[in-house]
Amino acid sequence: MDEYSRFVDWDKMDVSAQSQDTKELTCTDFHELKQLARQGYWAKNHSLRAKVYHKLINNIPCRTVTPDANVYRDIVVKIVGKRSSSSLPLPEFVDNSLIPTYCLNAEGVGAVRKIIVCIANQFPDISFCPALPSVIALLLHYSKDEAECFEQVCRILACNDPSKRLIDQTFLAFESSCMTFGDLVNKYCQAAHKLMVAVSEDVLEVYSDWQRWLFGELPMAYVARVFDVFLVEGYKVLYRVALALLKFFHKVRAGQPMESDSIQQDIRAFVRDIATSVTPERLLEKAFAIRLFSRKEIQLLQMANEKALQQKGITVKQKSCLLMFQQNVHLAVHAENFRSEIVSVKEMRDIWSWIPERFALCQPLLLFTTLEHGCSLSRFYSHSEGHEPTLLLIKTTAKEVCGAYLSTDWSERRRGGNKLSFFGTGECFVFRLQPEVERYEWVIIKHPELASTGSETENHAQPASSTLSSSSIPSDRLSPFLAARHFNLPSKTASMFMAGSSECIIVGGGDGQALYLDADLNHGRTSHCNTFNNQPLCSESFQISILEVWGFRD
């Protein structure tokens, strides 16, 4: 075997998948390297993968003073001494994480604990890093000795490139990444998310497992392939693969009874046994077929979630903070405090499961209701302005119930003066609760008088009061931070997700759905694109029985 075999138990490794062909990696172009990583170019040659890992990790920009192999050799004897590695107490920041053995031999298993302890000594600023044991265990397979592995892990931890996120090292970063993952599941895995909401009382707790799926439950052959791409493309790859795992879990287990009393345990078991249903190649193929947000947009979403946690005082892992956090998220819609003439507590909780995680921390606050404030658009605006986001609920005289999540303050409409002003973000969506529950993905709304995107629009422009249309842009390309520039439209007033004037309100929903409300708030209608197979939001023309606007209270 090669020089990188010291810690490997080859009886556990899939040697049949290993190629003995001598390969070299000479390319330096990022795009070419990305393709090679995704294709598994170095996956079947143990020595080549080790060399590639070292090359990629050594190219990570790090702090000026980053512990290296010599530091490890100096401190390991002082810290470990003559104690057995199995008796070494692990630092709290690994949070009792699994220490996967993968295909390590006995020496390798002991080395993992020694390296963790030495890293804790050199990185006192790390407060929460449950992925660390798995990363160390994986890299030991491709290291000549403990000191080399220690240095490689230290470089990953000491990365100082603000645009390159690698491993979460604080509870705030970890928890916000879990919230961000929940947001992504809500967008890209709606069927799976619906299942989570139905069978789990604590959805965020399920999604908080997402890093464990990757760094703890995935078998060696899979996590190594993920790590190949992760070192090239960064943190976004982890979200992709976790989403793919959830999609496969839902597909394989759809309609089957749960194997345990916990969906959390069922997902863990599925990931551990994934080899029975999905190959590593298929997993990555699925992951990269998801047209995910851009890296910058995910970073913005992560920052927004971090800010929400900081505002709640949740920055470290303490039982009191976590209890408050769970209560805020899962008891936000409390039966004793919630009263609506349109939806039940359960229905409001369903809606709460759709909204971005950072706002799920808040409690609903009734801002406006036609039963109390009358059917006046001006009063609708006066009660809604100053609140962001808001939730619109409508009950028709035909007992239909629909609504919209509106991401932006209605005061933004004033930017257009007396004209119908378009604004909002891609987090807006519309939904239906009665006669059936349906959430419609995001769509862009167009005002033909303000912008023309093609000859057909130019030739057939009609007033906004009679024309609503969905964008030809597929909904899976929309993101929470879209502006008109993403669609090559002439101005920001041309195309957004909400519109308001003194005469009407328009909300672009998704899958061809949009809502239009008259100024008297008595009458409304919907737009439904026939190119989609979903049911319409509600009747094409309807009379409003009750309308409510809800805000979000900290």
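Structural data are supplied above this passage.
Everything quoted here is computed from the prediction, not taken from an experiment. (Residues numbered from 1 in each chain as written. Predicted model: local features only at pLDDT ≥ 70, side-chain atom pairs only at ≥ 80, totals over all residues. Heavy atoms only, no water.)

Colleague: I keep staring at the overall build of the chain and nothing clicks. Help me out?
Modeller: Scanning the chain from N- to C-terminus turns up 20 helices and 13 strands. Across the 554 residues of the chain, 58% fall into the buried class. Relative to all contacts within the chain whose residues are 6 or more apart in sequence, the contacts with residues 24 or more apart total 74%. Of the roughly 24,000 Å² that the chain leaves accessible, carbon and sulfur atoms contribute 47%. (Helix = DSSP H or I, 4+ residues; strand = E, 2+ residues; numbered from the N terminus. Buried < 20%, exposed > 50% of the residue type's maximum accessible area, 1.4 Å probe, protein only. Contact = heavy atoms within 4.5 Å. Areas by Shrake-Rupley, 256 points an atom, 1.4 Å probe, with all protein chains shown as cover.)

Colleague: Explanation requested: the layout of surface pockets in the structure shown.
Modeller: Rolling a probe over the atoms, with the probe sized like a water molecule, indicates the empty space that remains. What the largest pocket holds in volume is close to 750 Å³. In this structure, the largest pocket is lined by 31 residues; those nearest its centre are Asp161, Pro162, Lys164, Arg165 and Leu166. Broken down by secondary-structure element, the contributors of at least two residues to the lining of the largest pocket are α6 (146-157), α11 (220-233), α12 (236-253) and α15 (295-311). At six residues, the largest contribution of residues to the lining of the largest pocket is made by α15. Residues that form the lining of the largest pocket fall into these classes: 14 nonpolar, seven polar and ten charged. When residues are assigned to domains, the lining of the largest pocket turns out to be shared by domain 1 (10-158) and domain 2 (171-312), each giving three or more. (1 Å grid on protein atoms, 1.4 Å probe; cavity = no way out; pocket = protein on both sides within 12 Å on 5 of 7 lines; lining within 4 Å. Points joined across faces, edges and corners; volume = space filled by probe spheres on them. Nonpolar A, V, L, I, M, F, W, Y, C, P; charged D, E, K, R; others polar. Domains from an automatic or database assignment.)

Colleague: Honestly, empty space enclosed by the protein in this entry has me stumped. Any pointers?
Modeller: Tallying each qualifying case throughout the model produces two cavities of 30 Å³ or more. In this model, the second largest cavity occupies a volume close to 40 Å³. Grouping the constituent residues of the lining of the second largest cavity by class yields seven nonpolar, one polar and one charged.

Colleague: Could you clarify how one ought to interpret the packing of helix α2 (residues 46-58) against α11 in this entry?
Modeller: Axis angle and axis distance: for two packed helices, these are the angle between their axes and the distance between the axes, and together they describe the pair. Remark: α2 packs on α11, axes separated minimally by 10 Å, with the N-to-C direction vectors making an angle of 30°. Put simply, α2 runs roughly parallel to α11. For the crossing formed where α2 meets α11, the hand is left-handed. Listed contacts from α11 to Arg49, Tyr53, Leu56 and Ile57 of α2 are Ala224, Arg225, Phe227, Asp228, Leu231 and Val232. Split into classes, the residues belonging to the contact of α2 with α11 amount to seven nonpolar, no polar and three charged. (Axes fitted to C-alpha atoms, helices over the stretch in contact; angles between N-to-C directions. Parallel < 35°, antiparallel > 145°, perpendicular 65-115°, else oblique. Left-handed = near helix turned anticlockwise from the far one by under 90°.)

Colleague: Quick question: what am I supposed to make of helix α17 (residues 345-352) here?
Modeller: An α-helical turn contains 3.6 residues, so any two residues separated by three or four positions project in the same direction. Along α17, the residues that are buried comprise Glu347, Met348, Asp350, Ile351 and Trp352. The inward-facing, buried residues of α17 contact α8 (190-199), β1 (363-369), β2 (390-396), β5 (429-434) and β13 (541-553).

Colleague: I keep staring at the pairing of β5 and nothing clicks. Help me out?
Modeller: Each regular strand displays side chains that alternate between the two surfaces of the sheet. β5 sits mainly inside the fold: five of its six residues count as buried. Bridging between strand β3 (residues 401-406) and β5 involves five bridges; their strand directions are antiparallel. Considered in β5, the bridge of Cys402 is made with Arg432. In this structure, β5 lies alongside strand β6 (residues 438-440), joined through three bridges in antiparallel fashion. Within β6, the position partnered with Phe431 by the bridge is Arg439. (Pairing = 2+ DSSP bridges.)

Colleague: Where do I start with the environment of Phe7 in this structure?
Modeller: Among the secondary structure elements, Phe7 is positioned in the segment before α1 (30-39). For the pair formed by Phe7 and Ala106, sequence separation is 99 residues and the distance between their alpha carbons is 7.8 Å.

Colleague: It is not clear to me how unusual backbone geometry should be interpreted in this structure. Could you clarify?
Modeller: Both trends apply: most residues other than glycine have a negative phi, and most peptide bonds are in trans. Between Glu388 and the following residue, Pro389, the backbone shows a cis peptide bond with an omega angle of 0°. Counting through the fold element by element, Pro389 comes out in the loop between α19 (377-384) and β2. Look at the link from Gln434 to Pro435: it is a cis peptide, with omega at 10°. With respect to the helices and strands, the residue Pro435 is situated in the loop between β5 and β6.

Colleague: What's the story with the environment of Ile57 in this structure? I'm lost.
Modeller: The topology assignment puts Ile57 in helix α2. Dropping the residues within four chain positions of it, Ile57 is found in contact with Leu139, Gln152, Arg155, Ile156 and Leu231.

Colleague: Looking at this structure, how should I read the pattern of salt bridges?
Modeller: Any two side chains of opposite charge can pair, so long as their charged atoms come close to each other. The tally for this structure, following the rule as stated, stands at 19 salt bridges. What emerges from the salt-bridge pattern is a single network uniting Arg212, Glu217 and Arg272. (Salt bridge = Lys/Arg side-chain N within 4 Å of Asp/Glu carboxyl O.)

Colleague: Got a minute to help me understand the packing of α12 against helix α14 (residues 280-289) in this structure?
Modeller: Contact geometry of α12 with α14 gives a least axis separation of 8 Å together with a crossing angle of 110°. Taken as axis vectors, α12 and α14 run roughly perpendicular relative to one another. Of the residues in α14, those touching α12 at Val237, Arg240, Val241, Ala244, Leu245, Lys247 and Phe248 are Arg282, Leu283, Leu284, Lys286, Ala287 and Phe288. Of the residues in the contact of α12 with α14, the class split is nine nonpolar, no polar and four charged.

Colleague: Would you take a moment to explain the nonpolar core for this structure?
Modeller: The tendency in soluble globular proteins is for nonpolar side chains to be buried side by side. Membership of the largest hydrophobic core comes to 124 residues, with the highest contact counts inside it found for Trp42, Ile119, Ile136, Ile156, Trp210 and Phe227. Here the element with the most residues in this core is α12; it accounts for eleven residues. Per-domain counts for this core show at least three residues from each of domain 1 (10-158) and domain 2 (171-312). Those residues in contact with Ile119, other than ones at most four positions away along the chain, are Ile126, Leu132, Ile136, Phe150, Val153, Cys154 and Leu157. With 28 residues, the next largest nonpolar core counts Phe380, Tyr381, Cys428 and Cys538 among its residues. (Core = buried A, V, L, I, M, F, W, Y, C linked by side-chain atoms within 4.5 Å.)

Colleague: Teacher, can you tell me more about the environment of Leu204 here?
Modeller: Along the polypeptide, Leu204 turns up in helix α9 (residues 203-207). Given a relative accessible area of 4%, Leu204 falls into the buried group. Note: C-alpha distance between Leu204 and Gly182 (22 residues apart in sequence) is 6.9 Å.

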